[in-house]
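Residue strings, one per chain:
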Amino acid sequence: TSYRRAIERLILWAVHERGLALSSLTELDMQDFKDFLCSPPAHWVQDPKADRWRKASTWRPLKGPLNEMSLNVTFAAVSAMYSHWMESQYTTLNPARKLIGRRSDELTMDVKRSFTDQDMDVIARTFEKLPDTPAKRRLRAILLLLELAGLRREEACNATWGDVQRVRVDGNLTDNMCIEVIGKGNRQRFVPLHEAVLAALKVHLQDRKELMAKGKKLQKFKTIPDKKQPLLGVLDDKWIQVHDRRLDDQAAIEDQVVEEFERPALQDTVNKTGGLSVQLVYLILKEFFKQCSNEAKESVTDDMATFKRASTHWLRHTYGSHSAARGVPQEMLRANLGHESLATTLIYVRAEKARKHRAMQQAFKAT
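The rules behind each value
Residues numbered from 1 in each chain as written. Predicted model: local features only at pLDDT ≥ 70, side-chain atom pairs only at ≥ 80, totals over all residues. Heavy atoms only, no water. pLDDT = per-residue confidence, 0-100. Contact = heavy atoms within 4.5 Å. Helix = DSSP H or I, 4+ residues; strand = E, 2+ residues; numbered from the N terminus. Buried < 20%, exposed > 50% of the residue type's maximum accessible area, 1.4 Å probe, protein only. Lys, Arg positive; Asp, Glu negative; His and termini not counted. Salt bridge = Lys/Arg side-chain N within 4 Å of Asp/Glu carboxyl O. Pairing = 2+ DSSP bridges. Axes fitted to C-alpha atoms, helices over the stretch in contact; angles between N-to-C directions. Expected span 1.5 Å × (residues − 1).

(A) Looking closely at the confidence of the model for the chain. Put simply, the chain has an average pLDDT of 81, and 81% of its residues get 70 or more. pLDDT under 50 marks residues 101-107. Its contacts with residues more than four places away, or in other chains, come to 16 contacts. Contacts of residues 243-270 to residues separated by more than four positions or lying in other chains number 38 contacts, the stretch itself having pLDDT below 50.

(B) Spatial organisation of the side chain of aspartate 119. Topologically, aspartate 119 is positioned in helix H5 (residues 117-128). No salt bridge is formed by the buried aspartate 119; the nearest opposite charge belongs to arginine 309, separated by 8.3 Å. Excluding residues within four positions of it along the chain, aspartate 119 makes contact with Ser114, Thr306 and Phe307.

(C) How the structure looks around the sheet that holds strand E2 (residues 172-182). Pairing is antiparallel across the open sheet formed by three strands, whose spatial order is E1-E2-E3. At either end of the open sheet lies a strand with only one pairing partner, and these are strand E1 (164-169) and strand E3 (188-192). Averaged over all pairs of adjacent strands, the angle between their axes in this sheet comes to 55°, without regard to strand direction. Alignment of E1 against E2, held across five bridges, turns out to be antiparallel. Paired with valine 169 across the strands is asparagine 172, a residue of E2.

(D) Molecular detail of the environment of isoleucine 7. Note that isoleucine 7 resides in helix H1 (residues 2-18). Here isoleucine 7 falls in the buried class, since its relative accessible area comes to 10%. Taking C-alpha positions, isoleucine 7 is 7.6 Å from threonine 74, a pair spaced 67 residues apart along the chain.

(E) How the structure looks around helix H10 (residues 278-295). Taking 1.5 Å per residue, 18 residues should reach 26 Å; H10 reaches 26 Å between its end C-alpha atoms and fits that length. Taken residue by residue, H10 has Val278, Leu280, Val281, Ile284, Leu285, Phe288, Phe289, Cys292, Ser293 and Glu295 as its buried positions. Residue lysine 297 follows H10 closely and has a positive phi angle near 55°.

(F) Seen up close, the pattern of salt bridges. In the structure shown here, the tally under the stated rule is 14 salt bridges. A salt bridge links arginine 125 to glutamate 295; the nearest nitrogen and oxygen atoms lie 3.1 Å apart. Of the two residues, arginine 125 sits in helix H5 while glutamate 295 sits in helix H10, which places them 170 residues apart along the sequence. Residue aspartate 207 is joined to arginine 137 by a salt bridge in which the shortest nitrogen-to-oxygen separation is 2.7 Å. With aspartate 207 in helix H8 (residues 195-214) and arginine 137 in helix H6 (residues 134-149), the pair connects residues that are 70 residues apart, well separated along the chain. With relative accessibility at 8%, the residue aspartate 207 sits in the buried group. Its relative accessible area of 24% is what places arginine 137 among the partly exposed residues. What you see here is one network of salt bridges that share partners, running through Arg18, Asp29 and Asp32.

In C-alpha cells form, the structure reads like this:
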C-alpha cells in the first residue's frame with residue numbers, strides 16, 4: 001500500500017508539476033520531487049475537515065510534508081520500480097538510485113506504541129461490554145491474531161485456513177499448530193498459534209459458514225473450500241458495500257496510471273474469497289479503540305492519549321514488547337516477527353531492559 005501510494009504521488013507530480021512521463025525523469029527531477037515532498041504547496045495538502053474520498057473534488061495527495069521515514073519508503077518504492085524497468089529494458093537508468101536513504105523506518109521504530117498491562121485491562125473490559133454477535137467474535141479473532149501472533153495487518157488479511165498447519169518436529173507432526181506467513185521481502189516464516197487464537201478463528205469461521213448458508217451476498221463465498229477461506233472475513237452486506245466502494249475508487253486510480261506501469265503489476269482489486277481488506281481491519285480496530293478511549297476516560301482534548309493514537313500496528317509492537325519481557329530468545333522472536341535484521345528485534349529487547357532499569361531505580365529511590 002505504501003509503495004503504491006508513493007508511485008501514485010510521483011505520477012501525479014510528474015504529470016501535473018513537470019508535464020513529463022516517468023520514463024523521462026532525470027536525477028535532478030528526482031531531487032526536485034524530494035524537495036517538493038518536503039515542502040508541498042497548499043493545493044497538494046489535504047484539508048483534514050474536507051472529504052477524503054479520492055473521487056471528491058476536495059481530495060489531495062498529501063497530508064503535509066513527508067518525514068524521513070516516509071521519504072525513505074517513497075524512494076525505495078520509486079527506485080524498485082525503475083530497477084524493474086531497467087531489467088525489462090524499458091528504461092536505461094534509475095534516476096532515484098541515489099535517494100533511497102538508510103533503513104531508518106525500522107531502526108528507529110517507536111516500540112512505545114504498544115499497550116501496557118493496564119491498557120490490556122481496558123481492552124478486556126471494553127470487549128466484555130460488547131453485545132455477543134458474530135462481529136464481536138470476529139473482533140476477538142482479529143485482536144488475538146495480531147497480539148498473540150505478532151502478524152502485520154497485511155499478513156493477517158492475506159492468511160487463509162490452508163496456511164494453518166501442525167508443527168513438524170524432527171520429521172514428526174505434533175499437536176501444536178502454526179501459521180505459514182509470507183511477509184516482507186517474500187520471506188517465509190512459521191509462527192506458533194496460541195490455542196486461544198486458534199479457538200477464536202474457528203468460532204469466526206463457523207459464524208461465517210452459518211451466514212453463507214442463509215445470507216444473500218455471502219452466498220457467493222459458500223463454494224470456496226475451507227483451506228481457501230480467509231482467517232478474517234466479511235460478515236454482512238454493509239462491509240461488502242464499503243469494500244466495493246473502495247474498489248471503485250481504486251479502479252479509477254488505475255485508469256489514470258495504467259499508461260505508466262503494466263496492469264499485471266497492479267494489486268488485484270477483486271476480493272474472491274470474502275476476506276477483510278487491510279482498510280476494513282483498520283476501521284474496525286480504530287472504532288473499537290475509540291470505545292476503549294471512552295472506557296479509559298481519556299480526555300477529549302488529549303490527542304496524544306493512548307487509545308486515540310492506537311492503530312493495528314500497536315498490537316504487533318505489543319507482541320514484540322511482551323515477548324521480550326517474558327524472555328523469549330532473540331532469534332526466536334526475530335523469526336516470529338519476520339525481521340530481516342536482528343538489530344530491529346533488539347530494539348524490543350533494549351526497550352525492555354531500559355524499562356526494568358527505570359523500575360528498579362524507582363523502587364529503590366531514596367526518600
